[in-house]
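# Inside the fold
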Amino acid sequence: MQENIIIADKGPASQTGTWQQQLSQAVRDPAVLCQRLGLSDKWLPGARTGHQLFEVCVPDAYVSRIAPGDPGDPLLRQVLPLANEALSLPGFVADPLEEADHQPASGLIHKYAGRVLLIASPACAINCRYCFRRHFPYSENSPSRAQWQEALDYLRADTSIHEAILSGGDPLAANDRQLAWLVEQLEAIPHLKRLRIHTRLPVVIPDRVDDALLDWLSATRLQKVVVLHINHANEIDQSVADACDRLKQAGVTLLNQSVLLRDVNDDVTTLATLSERLFEAGILPYYLHVLDPVQGAAHFDVSDEEARKLVASLRDLLPGFLMPRLVREIPGKGSKTPL
Ligand SMILES: *Cc1c(COP(=O)(O)O)cnc(C)c1O
Ligand code: SF4
């Protein structure tokens, strides 16, 4: 029974309660966030301003990885609203990806050949301040079972589509009953080969990777890819590494996408450490996105020139398979655009 002893020892970062309970108990008040992290009152007015534009949401499991008393903590920077979010800057707009133009069916975005995005959940388990979806009209994009029929008909009719990408929001914020149903519908479509899931939940609340999720994930005939979203090595503690192990044991290929963010991961050592730590957890770096020019996130911007220089220096430090591809999303293009 040695195995049980190992499994029981989840280390200091382990949380109590189901993932749903952890999500419902997330920090949603800027004053509580500042107080929990020992930040001085001078951060509060800015945090309140930003919170009014895009509300604070940070589960405890993520708060536990933030160093108290350090306003520059790279995880804190991703979740603490700042007064700067109220600034309007030229070029930083509400829908930078113009996704509203590519929705042939409710909840479905088809921009690239062979693969489609399905908006499987409007919600996220964390609100990242730089998110390009902060202005997304989610209420119009959360289909019920009946409404999925239109998207499923679209997929059935187009035999060139081989991959369904569950996206959001965060698709794993949906419950497992809904997800199991959707994946059953998808795997009944003969020309679909792959199921991809774009999610930050296993990072934010590692207990999301529970038996109910692993049951439907293990059962599907589709090949499975989970693309995580991790921007800094500090986001990967033992509980996240354990969640990754469970996903791998269910036959999932694990990839990661990051966003290049000012004062979070905009230096070569931080990016190299991230790639190393990802690989230790069984994850391969996939994309490093430059910031989408979303209104309220300009203070995270890193120029293209600086981004290219950083990635060139990174290439001198890392094996090729630990190099993320530096890309930008340009509306109207048939793929992400390498920089
Ligand atoms: C990013 C994206 C994809 C996936 O692109 P990959 O290059 O295959 O990772 C698919 N559809 C849409 C609309 C996207 O934005
Ligand atoms: S988890 Fe992803 S979609 Fe949700 S707020 Fe963060 S970056 Fe945006």
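Presented here is an overview of the structure given in this document. Per-chain numbering applies: the sequence of each chain, read as written, is numbered from 1 onward. Here the convention is simple: chains get letters from A, ligands get numbers from 1, in the order in which they are written. Selection of residues for local features in this predicted model requires a pLDDT of at least 70, selection of side-chain atom pairs for listing and counting requires 80 or more, and totals for whole chains, interfaces and linings are taken over all residues.

### Things to note about the site of ligand 1
- Proximity of a residue to a molecule or strand is defined by its backbone-placed C-beta atom lying within 6 Å of that partner. Around ligand 1, a shell composed of Ile109, Lys111, Tyr112, Arg115, Leu117, Ile165, Ser335 and Lys336 is seen.
- Helix and strand assignments follow DSSP, with helices taken as H or I runs no shorter than four residues and strands as E runs no shorter than two, numbered in order from the N terminus. Of all elements in the fold, only β1 (108-112) and β2 (115-121) reach the threshold of two or more residues within the shell around ligand 1.
- A per-class count over the shell around ligand 1 returns four nonpolar, one polar and three charged. Nonpolar residues are Ala, Val, Leu, Ile, Met, Phe, Trp, Tyr, Cys and Pro. Charged residues are Asp, Glu, Lys and Arg, and all others, Gly as well, are polar.

### Side note on the pairing of β1
- Pairing of β1 with β2 involves three bridges; the strand directions are antiparallel. Paired with Leu108 across the two strands is Leu118, which belongs to β2.
- The loop that links β1 with its antiparallel partner β2 comprises two residues; one of these, Gly114, has a positive phi angle of about 80°. Paired strands are those between which DSSP finds at least two bridges.

### Some words on the sheet that holds β2
- Here we have nine strands laid out as an open sheet, ordered β1-β2-β3-β4-β5-β6-β7-β8-β9, and mixed in their pairing. Only two strands of the sheet have a single partner each, and these edge strands are β1 and β9 (337-338).
- Where strand β3 (residues 163-168) lies against strand β4 (residues 194-199), four bridges are found, and the strand directions are parallel. Among the inter-strand pairings, Ile165 is bridged to a residue of β4, identified as Arg196.

### Focus on the pairing of β4
- Exposure in this text rests on C-beta crowding, where 20 or more other C-beta atoms within 10 Å of a residue's own make it buried, 12 or fewer make it exposed, and counts in between make it partly exposed. The C-beta atoms are placed from the backbone. Of all six residues in β4, five are buried; the element is thus mostly enclosed.
- In this view, the connection linking β3 to its parallel neighbour β4 by way of helix α8 (residues 176-187) has right-handed handedness.
- Strand direction decides the pairing type here: β4 and strand β5 (residues 223-229), joined by six bridges, are parallel. Paired with Leu195 across the two strands is Lys224, which belongs to β5. Note on handedness: a crossover is taken as right-handed if, strands pointing away from the viewer, the path from the first strand over the helix to the second is clockwise.

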